[in-house]
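Single-letter residue listing:
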Amino acid sequence: MFVSFEGIDGSGKSTQIKLLAARLEEMQREVRVFREPGGSVLSEKIRALLLDDAFEVDPFAEMLLFSAARAQLVAKEIRPRIDAGTIVICDRFFDSTIAYQGYGREFGDVDWLADFQMRVTAGLAPVRTYLLRISAAAAVSRRRTRAGDGKEDRMEQGGMTFFERVEAAYDKLAAEAPSRIVVLDGHQSIEVLHQQIWADFKSL
Ligand code: Z5A
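Residues numbered from 1 in each chain as written. Predicted model: local features only at pLDDT ≥ 70, side-chain atom pairs only at ≥ 80, totals over all residues. Heavy atoms only, no water.

Colleague: Describe the overall build of the protein chain, listing the residues and the values that go with them.
Modeller: Helix and strand content of the protein chain: eight helices and five strands. When its helices and strands are written in sequence order, the protein chain yields β-α-β-α-α-β-α-α-β-α-α-β-α. The C-alpha atoms of the protein chain give a radius of gyration of 16 Å, which matches the 17 Å a tight globule of 204 residues would have. Expressed as lengths along the three principal axes of its C-alpha atoms, the size of the protein chain is roughly 45 × 35 × 35 Å. In the protein chain, which comprises 204 residues, the share counted as buried stands at 48%. Across the protein chain, the fraction of contacts at a sequence separation of at least 24, relative to all contacts at a separation of at least 6, is 80%. The protein chain carries 27 positive and 31 negative side-chain charges, and their two centres are separated by 4 Å. (Helix = DSSP H or I, 4+ residues; strand = E, 2+ residues; numbered from the N terminus. Rg over C-alpha atoms; globule rule 2.2 N^0.38 Å. Buried < 20%, exposed > 50% of the residue type's maximum accessible area, 1.4 Å probe, protein only. Contact = heavy atoms within 4.5 Å. Lys, Arg positive; Asp, Glu negative; His and termini not counted. Charge placed at Lys NZ, Arg CZ, Asp CG, Glu CD.)

Below is the structure:
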């Protein structure tokens, strides 16, 4: 089984993924968590390039790099594990490219981009996607209070209007795929969100 988590930066994806994975492990289920971009040796190297603010990246090149990282992750890590019966949870998947590059960076031909993503993943799509919906303003405030050096990476430097476009894009994607994308109010408490996710996950 393959599920993904989506939402703007700081929406609580990693927090919820840890709770879901821990719960499944307690039940002796085989679980593997990946993050995007990343999760394989090549994809982690691409991640470092993508988040580095030392140089500018052309929007089309950016989309291709995110897609290359995903193609490698799916082929070498995700697909073999799904085939072996492991539950795979991914922190971001192709919806991120459509939301961030397609709408955030105003790529233009979003239909083409969505078709291209199916080529990138060789047709693999999550059976369920949990979208943690928080406002761009709340995300910025959470990022400020998060542990770390306080430095924003290249993607985080996109600015408020960029994140508002991404936020609106996620709403659009959710409206277009209501049976796959479960929308959750990410402003709720961590525990309440976990219970909502668990209730849905069990139904799968
Ligand atoms: N990107 C892209 O443009 N295109 C693509 O195709 C892909 C990605 C795949 C990856 O960043 C960047 O790449 C990302 C999108 C872009 N850029 N941005 N901006 P990343 O992997 O470094 O980070 P992220 O995935 O964006 O998110 P994150 O920083 O890991 O945040 P999170 O996982 O969503 O949230 P969290 O770490 O669980 O929580 C954040 C803080 O909030 C933390 O202090 C928590 O304790 C707190 N928290 C969590 N839940 C709650 C609740 N419910 N209430 C209050 N506080 C909470």
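Colleague: So what about the side chain of arginine 128? Which residues, and what values?
Modeller: Tracing the sequence through the fold places arginine 128 in strand β4 (residues 128–133). In this structure the side chain of arginine 128 is engaged in a polar contact, spanning 3.0 Å, whose partner is the backbone oxygen of serine 179. At 2.8 Å, the side chain of arginine 128 forms a polar contact with the side chain of aspartate 200. Non-local contacts of arginine 128, meaning those with residues more than four positions away in its chain, are made with Phe2, Val3, Ser4, Ser179, Arg180, Val182, Asp200, Ser203 and Leu204. (Polar contact = N/O pair within 3.5 Å; in protein donor to acceptor, adjacent residues only side chain to side chain.)

Colleague: Can you explain helix α3 (residues 59–83)? Please cite residues and give values.
Modeller: An ideal rise of 1.5 Å per residue puts 36 Å on 25 residues; α3 measures up with 34 Å between its terminal C-alpha atoms. Its maximal kink placed at valine 74, α3 deviates by approximately 50°. Those residues of α3 that fall on the buried side of the exposure criterion are Glu62, Met63, Phe66, Ser67, Ala69, Arg70, Leu73, Val74, Glu77, Ile78 and Ile82. Looking at the packing, one finds that the buried side of α3 touches β1 (2–6), β2 (31–35), α2 (41–51), β3 (87–91), α4 (94–104) and α5 (110–120). With a side-chain oxygen positioned 3.0 Å from the backbone nitrogen of phenylalanine 60, the residue opening α3 is aspartate 58. Glycine 85 occupies a position one or two residues after α3 and carries a positive phi of about 95°. (Expected span 1.5 Å × (residues − 1). Bend = angle between axes of the 7 residues up to and from the residue.)

Colleague: How would you explain the side chain of threonine 86 if you had to name every residue and give the values?
Modeller: Position of threonine 86 relative to the elements: it lies in the loop between α3 and β3. What makes threonine 86 buried here is its relative accessible area of 8%.

Colleague: Explain the nonpolar core residue by residue, including any values.
Modeller: The nonpolar side chains of soluble globular proteins are, as a tendency, buried together. In this structure, Ile8, Ala99, Tyr100, Val166 and Tyr170 are the most contacted members of the largest nonpolar core, which totals 26 residues. Ranked by residues supplied to this core, first place goes to helix α7 (residues 160–176) with seven residues. Setting aside anything within four residues of it in sequence, one finds isoleucine 8 in contact with Lys13, Arg92, Tyr100, Leu132, Ile134, Ser135, Ala136, Ala139, Phe163, Val166, Glu167 and Tyr170. If you look at the next biggest cluster of nonpolar residues, it comprises 17 residues, including Leu24, Ile87, Leu184 and Trp198. (Core = buried A, V, L, I, M, F, W, Y, C linked by side-chain atoms within 4.5 Å.)

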